[in-house]
Amino acid sequence: MNSILYIFLPCKKVYPIGVTYLADFIHRRKPEVRQRILDLSLFPDAQRSRAIRDAATEFKPDLVCFSWRDIQIFSPHEGDSSLEHAFNFYFASNPLKRITASFAGLQQLYRYYSHIRAALSYPWLIAKEFPKAQIMIGGGAFTAFADQLIQKLPEGTIGILGEGEDAILKVIEGQSLENERYILREGKTIRKGQQGAPALLDALTVDLPYLTSIFPQYREYVGESIGVQSKRGCPYDCAFCLYPYIEGKRVRYRPPSMVVKDISQHYHQWGARRFWFTDAQFITGKEAYPQCTEILERILAEKLEIEWSGYIRTSLITPELAKLMVRSGVGDLEVAITSGSQAVLNNLHMGFKLERLYDGCRYLAEAGFKGKVILNYSLNSPKETEESLLQSVESYKKVAAILGEERVFPLMFFLGIQPNTDLEERLLKEGYLSAGYNPLMLTPTSIRKLLYNPAPLNSFIAKACLRAWERKEGSRDPRKWTGSLSQTPKESGPYADQSLIRGIEGNSGRDALLSLEEILRSRQSLRAAKDSSEKSVATPGV
Ligand code: B12
Ligand code: SF4
């Protein structure tokens, strides 16, 4: 095979790092193979089929590699209005609100299914109009839902779970895929392979001039946050998390010099200034300290004036790392505290101590950290009690006292149940989920289950959230002004202050926590009053 067309399936605009790494890898090993990257997110819906047809007609690929990053439309966090509609639909006391929410929910369901249907139509287009081309597919969303999606794709499509470098190389060289995590449908039979040794990440850095030549749409991303991967794999075991399933548990490091060369090339050649370490975890444990330290030191030594972020275990931040993080340009951080109760965290196998998380925040504050911290809370996790909910409220207050209330933004991020996670397995065993359920099939009943918020605590958690969102005229995602997601030039630069104010005004997570505290405290005092009146009835005269 001599030519590969990569098609990044549409999602909310995010730098398509996966396909850039794949194309780079193939180019280093097979420089004679022609390659092109087409990012469908950058086209309006109606023009996407045409864009594929034009690219395939002109480029004549032997291999078409679809990359499917996101499916999750119903996100379990308050920045997504679908959570608000779902809560109104299930829990609002006002029937009008329920009706309005049901219409909004139906619209969202329609969008969700149309999105999947449209994404599936593109491989079918290639299969019908360019039947000689081999089709491959991979990416985060495909990995998460491979068993369901492979049934809907043209027969013969090679699906790859997790990393794809070696698999694509093998396909163009005509080698067997037996040692790769492939999935293939032949009629009604599904064949799967298991990855042998995962690839080591000691390859050279991205060849940016080459990438620029095969990805002319790169210009759209210069002001965005560019993804850089410094390691693959996560050794932790958090019950709800899919990342170790996607990347493996063994951590593989890229040499710091190469990671920083990547950043430096994007900085000097494209003018990029914002970066995101796409690692499942940037600090995977104490073993990662030397690599993380060297990366940050090199950013400083090369005088790269960047803003960077990533998923970071605050519990693993040392005073030295905190100083380096701040000096090298760390931006806003998203910290998955999950719960303020150590017992709830232990039950989810989170593998960190709350005290260490607070220490990490303290070190950041001492180092002069000026960014914002989004504290993700997954209220109503298994083993949650009224007491543990109050501990979560306390934990927010503690972090806010350390970093300053104006910097800390709690975000209600309910546990979303994902296939191939420990949480899914537990809930299947407990009968909460039924065996053979389809995680992509959303109905009012399944959404209620998959946005994990079970009885008996569900109704007043929902009440607290709805009360807060009502006051703020809707749920808010404070990430609009952070380094993590897409920021149009209009939102940055001169508008920075305005968007900051909007973010702070929209701190609905804080309100939700405080409303929850109010509700729980009043329940406690009601109970105490009831108990004492029962006691005085039982022991008259005392
Ligand atoms: C970093 C990250 C983010 C960052 C991205 C920052 C940035 N500027 O890039 C942030 C925090 C912004 C983010 C946001 C979201 N994310 Co995210 N994110 C990730 C994470 C941790 C890594 C993705 C990544 O870039 N990896 C590094 C690159 C090199 O890998 P890659 O792109 O996956 O590509 C490799 C393989 O997938 C494969 N591959 C890719 N394409 C192809 C094609 C072929 C043919 C083959 C063979 C192989 C192949 O090979 C590549 C190289 O090895 C993954 C989880 C994970 N551990 O993978 C979730 C993940 C991709 N995100 C996910 C989601 C849902 C989201 C959100 C939609 C969440 C939400 N509801 O708000 C948002 C919105 C994203 C958007 N479009 O804007 C899901 C997607 C699965 C799903 N359920 O749909 C994942 C898998 C996490 C999860 N829930 O399990 N995310
Ligand atoms: S939540 Fe973070 S630390 Fe836990 S398994 Fe997932 S990536 Fe690793």
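Refer to the structure printed above.
Residues numbered from 1 in each chain as written. Chains lettered and ligands numbered in written order. Predicted model: local features only at pLDDT ≥ 70, side-chain atom pairs only at ≥ 80, totals over all residues. Heavy atoms only, no water.

Caption draft 1: Fine view of the overall build of the protein chain. Along its length, the protein chain carries 20 helices and 17 strands. Each of the three principal axes of the protein chain carries a C-alpha extent, and together these read 95 × 55 × 45 Å. For the protein chain, long-range pairs separated by at least 24 residues make up 76% of all intrachain contacts whose partners lie at least 6 apart in sequence. Within the structure as shown, the protein chain displays about 24000 Å² of accessible surface, and the carbon and sulfur contribution to it stands at 54%. (Helix = DSSP H or I, 4+ residues; strand = E, 2+ residues; numbered from the N terminus. Contact = heavy atoms within 4.5 Å. Areas by Shrake-Rupley, 256 points an atom, 1.4 Å probe, with all protein chains shown as cover.)

Caption draft 2: Spotlight on a nonpolar patch on the surface. On the surface, a nonpolar cluster with roughly 340 Å² of combined accessible area is contributed by Ile99, Phe103 and Leu106. Counting through the fold element by element, Leu106 comes out in helix 4 (residues 95-129). (Patch = residues over 30% accessible without salt bridge, like charges linked within 9 Å, V, L, I, M, F, W, Y side chains within 5 Å. Salt bridge = Lys/Arg side-chain N within 4 Å of Asp/Glu carboxyl O.)

Caption draft 3: View of the packing of helix 11 (residues 289-301) against helix 12 (residues 319-327). Close contact between helix 11 and helix 12 brings their axes to 9 Å; oriented N to C, the two are set at 35 degrees. The hand of the helix 11/helix 12 crossing is left-handed. Contacts between helix 11 and helix 12 involve Tyr289, Cys292, Thr293, Leu296, Glu297 and Leu300 from the former and Leu321, Leu324, Met325 and Arg327 from the latter. A class-by-class count of the residues in the contact of helix 11 with helix 12 yields seven nonpolar, one polar and two charged. (Axes fitted to C-alpha atoms, helices over the stretch in contact; angles between N-to-C directions. Left-handed = near helix turned anticlockwise from the far one by under 90°. Nonpolar A, V, L, I, M, F, W, Y, C, P; charged D, E, K, R; others polar.)

Caption draft 4: Region of the structure containing the site of ligand 1. Around ligand 1 sit 42 residues, and of these Lys12, Ser67, Asp70, Ile71 and Glu247 come closest. Within the side chain of Arg232, a nitrogen or oxygen atom sits 3.3 Å from an oxygen atom of ligand 1. Here a nitrogen atom of ligand 1 and a side-chain polar atom of Glu247 are 2.8 Å apart. Counting residues per element, the ones that place at least two in the shell around ligand 1 are helix 1 (17-29), strand 3 (63-67), strand 4 (134-138), helix 5 (140-144), helix 7 (165-173) and helix 9 (243-247). (Near = heavy atom within 4 Å. Polar contact = N/O pair within 3.5 Å; in protein donor to acceptor, adjacent residues only side chain to side chain.)

Caption draft 5: Representation of the site of ligand 2. Around ligand 2, the structure places Cys234, Tyr236, Cys238, Cys241, Tyr243, Pro244, Ala280, Gln281 and Arg313. Taken together, the residues of the shell around ligand 2 break down into seven nonpolar, one polar and one charged.

Caption draft 6: Summary view of the nonpolar core. With 166 residues, the main nonpolar core has Tyr6, Phe66, Trp68, Phe142 and Trp308 as its most contacted residues. Those residues in contact with Phe66, other than ones at most four positions away along the chain, are Ile7, Leu9, Ile52, Tyr122, Pro123, Ile126, Ile135, Met136, Ile137 and Gly138. (Core = buried A, V, L, I, M, F, W, Y, C linked by side-chain atoms within 4.5 Å. Buried < 20%, exposed > 50% of the residue type's maximum accessible area, 1.4 Å probe, protein only.)

Caption draft 7: Structural context of the pattern of salt bridges. In this structure the tally under the stated criterion is 31 salt bridges. Close ionic contact of Arg232 with Glu163 constitutes a salt bridge, the shortest N to O distance being 2.5 Å. You can see Arg232 sitting in strand 9 (residues 231-232) and its partner Glu163 sitting in the loop between strand 5 (158-160) and helix 7, a full 69 residues away along the chain. With a closest N to O distance of 3.3 Å, Lys231 and Asp279 form a salt bridge. Of the two residues, Lys231 is situated in strand 9 and Asp279 in the loop between strand 11 (274-277) and helix 11; the sequence distance between them amounts to 48 residues. For the pair Lys231 and Asp279, a shared accessibility class is recorded, and that class is buried. Put simply, Glu163, Glu165, Arg232 and Arg252 are held in one network by salt bridges that share partners.

Caption draft 8: Structural view of the side chain of Arg181. Looking at the element boundaries, Arg181 is found in the loop between helix 7 and strand 6 (182-186). Here Arg181 occupies a buried position and makes no salt bridge, while the nearest side chain of opposite charge, Glu163, is found at 7.2 Å. Here Ile246 takes part through its backbone oxygen, which lies 3.3 Å from a polar atom of the side chain of Arg181. (Lys, Arg positive; Asp, Glu negative; His and termini not counted.)

Caption draft 9: A look at the pairing of strand 4. Of all five residues making up strand 4, four are buried, and the element is well covered by its neighbours. Bridge count for strand 3 against strand 4 is five bridges, and the pairing is parallel. Across the sheet, residue Phe66 finds its bridge partner in strand 4, namely Ile137. Two strands pair when backbone bridges link them, and strand 4 and strand 5 are joined in this way by two bridges, in the parallel orientation. Considered in strand 5, the bridge of Met136 is made with Ile158. (Pairing = 2+ DSSP bridges.)

Caption draft 10: Up close: helix 7. A large share of helix 7 lies buried, amounting to seven of its nine residues. Of all the residues in helix 7, the buried ones are Glu165, Ala167, Ile168, Leu169, Lys170, Val171 and Ile172. Positive phi appears at Gly174, one or two residues downstream of helix 7, with a value of about 70 degrees.

Caption draft 11: Seen up close, the packing of aromatic side chains. Evaluated as defined, the whole model comprises 16 aromatic pairs. Ring geometry for Phe87 versus Phe414: centroids 5.2 Å apart, planes at 65 degrees, classification edge-to-face. With Phe87 in helix 3 (residues 81-91) and Phe414 in the loop between strand 15 (408-412) and strand 16 (415-416), this residue pair connects regions lying 327 residues apart in the sequence. For the pair formed by Phe87 and Phe414, the shared burial category is buried. For the pair Phe277 and Trp308, a centre-to-centre distance of 5.5 Å together with 70 degrees between the ring planes defines the contact as edge-to-face. Placement of the pair is Phe277 in strand 11 and Trp308 in strand 12 (residues 307-310), with a sequence separation of 31 residues. Counting every residue linked through ring pairs, the aromatic cluster contains Phe87, Phe89, Tyr90, Phe91, Phe414 and Trp469. Its guanidinium or amino end placed over the ring of Tyr221, Lys13 lies 5.5 Å from that ring's centre, counting from NZ or CZ. (Phe/Tyr/Trp six-rings, centres within 6.5 Å; stacked < 30°, edge-to-face > 60°. Lys NZ or Arg CZ within 6 Å of the ring centre and 35° of its normal.)

Caption draft 12: Seen up close, the sheet that holds strand 8 (residues 225-228). Strand order in the open sheet formed by three strands is 8-11-12, with parallel pairing between adjacent strands. Where the open sheet ends on each side, the last strands, each with one partner, are strand 8 and strand 12. The average undirected angle you get between the axes of adjacent strands in this sheet is 30 degrees. In the sheet, strand 8 pairs with strand 11 via four bridges, with the strands oriented parallel. Its bridge partner being in strand 11, Ile226 is matched across the sheet by Phe275.

Caption draft 13: Representation of unusual backbone geometry. For the bond running from Ala455 to Pro456, omega is 10 degrees, close enough to zero to count as cis. Phi is positive for His349, which is not a glycine, with a value near 55 degrees. Checked against the element boundaries, His349 lands in the loop between helix 13 (342-347) and helix 14 (354-366). Non-glycine residue Asn420 carries a positive phi angle of around 65 degrees. Position of Asn420 among the secondary structure elements: in the loop between strand 16 and helix 16 (422-429). Of the residues examined, Asn420 reaches a relative accessible area of 36% and is grouped as partly exposed.

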